[in-house]
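A structural walkthrough
Chain by chain, the residues:
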Amino acid sequence: MIDKRSSRRDFIRTAAAGTSAALFPLPGLAQNAGGRVVVVGGGFAGATCARALKRLDPRINVTLVEASSTFTACPFSNDVIAVQRDIAAQRFDYKKVAADGVTMAFGTASGADPQARTVTLADGTRISYDRLVLAPAVDIRWDALPGYTEAAAEIMPHAWKAGEQTLLLRRQLEAMEDGGLVVISAPANPYRCPPGPYERASLIAYYLKIKKPRSKVLVLDAKDAFSKQRLFQDAWKELYGDRIEWVSLSNGGKVTSVEPATKTFVTDFDRHTAAVANVIPPQKAARIAEVAGVTDRTGWCPVDPVTFESRLVPGIHVLGDAAIAGAVPKSAFAANAVAKICAAAVARLLRGEAPAVPKFVNTCYSLAAPDYGFSVAGVYQPASGQWLEVEGAGGISPADAPRVVRSQEAKFAHGWFNTITAEVFG
Ligand SMILES: Cc1cc2nc3c(=O)[nH]c(=O)nc-3n(C[C@H](O)[C@H](O)[C@H](O)COP(=O)(O)OP(=O)(O)OC[C@H]3O[C@@H](n4cnc5c(N)ncnc54)[C@H](O)[C@@H]3O)c2cc1C
């Protein structure tokens, strides 16, 4: 976590050197010709949106509120868990974002007043906006799985927010004795990164095959089907034999409670005690979205598909994993794509112009081993007030592709990560 006092000093210094209008609701703010946009959350969606706004119209006064001065990316964090990659490769700073003229405000946004059009930070700083973009991603629903509390996550990590949790799960795997059982529980939809639990199971199995050959992975699932299922299951058979066992919802895979003291997963039919327990719990839009009033009873944020403006609170746009927008996947690829669409819409709305109707592509890569990848791609457009996938426009990797193709797709996956992080943070 950042030092609040120094972050506030840094914020004021940055603001004073650059676009000070965003700091407090001073009378002079109204004179800013381009308008004021505050973006909360400097991840794949928020940082992209902030930079895109500045590029579209340098007169717009853009402030990016981010809780941490270092961003730790989730894509490829499964490789970190499987001891194939250093966490340093996941970390990025905001120097280049600030160099684009975005005012960085390091701190946690704790309140938003849609009437007064202000955002409040945990240290009391208040920032005025004409339009607010929320891109804070997800929080864990701590009340949804009996036994799974913040304290339990220190014993049975979720590792669904990259950083300390990622390293904790990795350390537990490294410390586990050969022969130990790794149990992963996967939630019902929707949650961030639908193929993520299965990529994680694959890469953990890869690690076990090399380092702990008597160990196995058990996946307990609250679903009967999952993203890229056939590709994953074929790869599991080919690469890991019976090392990965997947238990579907219909076969009693849904975890109904956990017991951290013994790392036990309880289902309707069974109890499974793990040597290493990874609980991927139910999720919801992060807290600031709830505080701002843009979540509905599902816990997610319904948005207009053209502008990403909240359907519940005018003047607030929601992007990335926090939003629920028809078929838009909760992926970094999609977060980056829709952030540019939202930035274009916000820039036009600030000028009093009508936003253009957008379209975008999402490609989602997964690894079944470090050199074994596959992907699914989709094209999305708004129709009947929702984002729908354009039929016949996407595609999935062929089921019977030779290993050389899988190996190429793994390289494409790395290429995608390098390109997107260079665009967002570089
Ligand atoms: C294990 C795993 C693997 C994944 N692999 C892939 C992949 O291969 N490809 C892919 O496309 N996607 C992948 N994803 C999904 C991807 O990480 C998310 O979809 C993406 O990060 C969403 O972007 P976002 O901007 O909404 O959220 P994030 O990128 O998580 O950014 C949210 C930011 O908001 C900040 N924040 C939150 N609340 C506040 C607040 N109140 N005040 C200030 N700041 C705040 C956080 O600090 C964070 O920096 C993976 C996810 C996981 C968990």
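That block above? That's the structure.
Quick caveat: nothing in here was measured; it's all calculated off a predicted structure.

Brief notes about the packing of aromatic side chains
- Scanning the entire structure with this criterion turns up 22 aromatic pairs.
- With centroids separated by 5.0 Å and ring planes inclined at 25°, the aromatic side chains of Phe-71 and Phe-425 adopt a geometry described as stacked. One end of the pair, Phe-71, is in strand 3 (residues 71-72); the other, Phe-425, is in helix 10 (residues 403-425), with 354 residues separating them in the sequence. Here Phe-71 matches Phe-425 in class, with each residue buried.
- In this structure an aromatic cluster arises from ring pairing among Phe-44, Phe-71, Phe-76, Phe-92, Tyr-94, Phe-106, Phe-333, Trp-416, Phe-417 and Phe-425.
- Across the ring face of Trp-300, the terminal group of Lys-330 is positioned such that the distance to the ring centre comes to 4.1 Å.

So, the environment of Arg-192
- Inspection of the secondary structure puts Arg-192 in the loop between strand 11 (181-186) and helix 6 (196-211).
- When the C-alpha atoms of Arg-192 and Lys-161 are compared, they prove to be 9.9 Å apart, with 31 residues separating the residues in sequence.
- Look past the residues within four positions of Arg-192 in its chain and what remains in contact with it is Cys-74, Ala-137, Val-138, Trp-160, Lys-161, Gln-283, Asp-321 and Lys-330.
- Side chain to side chain, Arg-192 and Asp-321 meet in a polar contact 2.7 Å long.

Brief notes about helix 9 (residues 332-350)
- With 19 residues, helix 9 should cover 27 Å at 1.5 Å per step; its first-to-last C-alpha distance of 26 Å lies within 8% of that length.
- Summarising burial for helix 9: 14 of the 19 residues are buried, a large majority.
- Gly-352, located one to two residues past helix 9, shows a positive phi value of around 80°.

A closer look at the sheet that holds strand 15 (residues 264-267)
- The three strands are arranged 14-15-16 in an open sheet whose pairing can be described as antiparallel. Either end of the sheet is taken by a strand with one partner, and the two such strands are strand 14 (255-259) and strand 16 (271-273). Pairwise comparison of adjacent strand axes, ignoring direction, gives a mean angle of 20° for this sheet.
- The pairing of strand 14 with strand 15 spans four bridges and is antiparallel. Opposite Glu-259, over in strand 15, you have Thr-264 as the bridge partner.

Section: the pattern of salt bridges
- Enumeration over the complete set of coordinates arrives at 20 salt bridges.
- For Asp-139, the salt bridge is made with Lys-161, and the minimal N-O distance between the two is 2.9 Å. One end of the pair, Asp-139, is in strand 10 (residues 138-140); the other, Lys-161, is in the loop between strand 10 and helix 5 (164-175), with 22 residues separating them in the sequence.
- Taking relative accessible area as the criterion, Lys-161 reaches 34% and is therefore assigned partly exposed.
- Taken together, the shared-partner salt bridges in this structure form one network comprising Arg-51, Arg-55 and Asp-100.

Here we look at the sheet that holds strand 2 (residues 61-66)
- Taken together, the five strands give an open sheet; going across it, the order is 5-2-1-9-20, and neighbouring strands pair in parallel fashion. The open sheet has two edge strands with one neighbour each: strand 5 (103-106) and strand 20 (316-318). For this sheet the average axis-to-axis angle between neighbouring strands, irrespective of direction, equals 20°.
- As defined by bridge partners, strand 1 (residues 36-40) adjoins strand 2 across five bridges and the pair is classed as parallel. Across the sheet, Val-39 pairs through a bridge with Leu-64, a residue of strand 2.
- Against the sheet, helix 2 (residues 44-56) makes contact with strand 1, strand 2 and strand 9 (131-134), and its axis sits at roughly 165° relative to strand 2, the strand it touches most.

What about the site of the ligand?
- Lining the immediate environment of the ligand, one finds 34 residues, of which Ala-45, Glu-66, Arg-192, Asp-321 and Ala-332 sit closest.
- The separation between an oxygen atom of the ligand and a polar main-chain atom of Ala-45 is 2.8 Å.
- A distance of 2.9 Å separates an oxygen atom of the ligand from a polar atom in the backbone of Ala-332.
- Contact with the protein chains removes 91% of the 1000 Å² of surface that the ligand exposes when unbound.
- Within the residue set of the shell around the ligand, elements represented by two or more residues are helix 2, strand 2, helix 3 (77-81) and helix 9.
- With three residues, helix 9 is the largest single contributor of residues to the shell around the ligand.
- Here the shell around the ligand is composed, by residue class, of 20 nonpolar, nine polar and five charged.

Criteria and thresholds
Residues numbered from 1 in each chain as written. Predicted model: local features only at pLDDT ≥ 70, side-chain atom pairs only at ≥ 80, totals over all residues. Heavy atoms only, no water. Phe/Tyr/Trp six-rings, centres within 6.5 Å; stacked < 30°, edge-to-face > 60°. Helix = DSSP H or I, 4+ residues; strand = E, 2+ residues; numbered from the N terminus. Buried < 20%, exposed > 50% of the residue type's maximum accessible area, 1.4 Å probe, protein only. Lys NZ or Arg CZ within 6 Å of the ring centre and 35° of its normal. Contact = heavy atoms within 4.5 Å. Polar contact = N/O pair within 3.5 Å; in protein donor to acceptor, adjacent residues only side chain to side chain. Expected span 1.5 Å × (residues − 1). Pairing = 2+ DSSP bridges. Axes fitted to C-alpha atoms, helices over the stretch in contact; angles between N-to-C directions. Salt bridge = Lys/Arg side-chain N within 4 Å of Asp/Glu carboxyl O. Near = heavy atom within 4 Å. Areas by Shrake-Rupley, 256 points an atom, 1.4 Å probe, with all protein chains shown as cover. Nonpolar A, V, L, I, M, F, W, Y, C, P; charged D, E, K, R; others polar.

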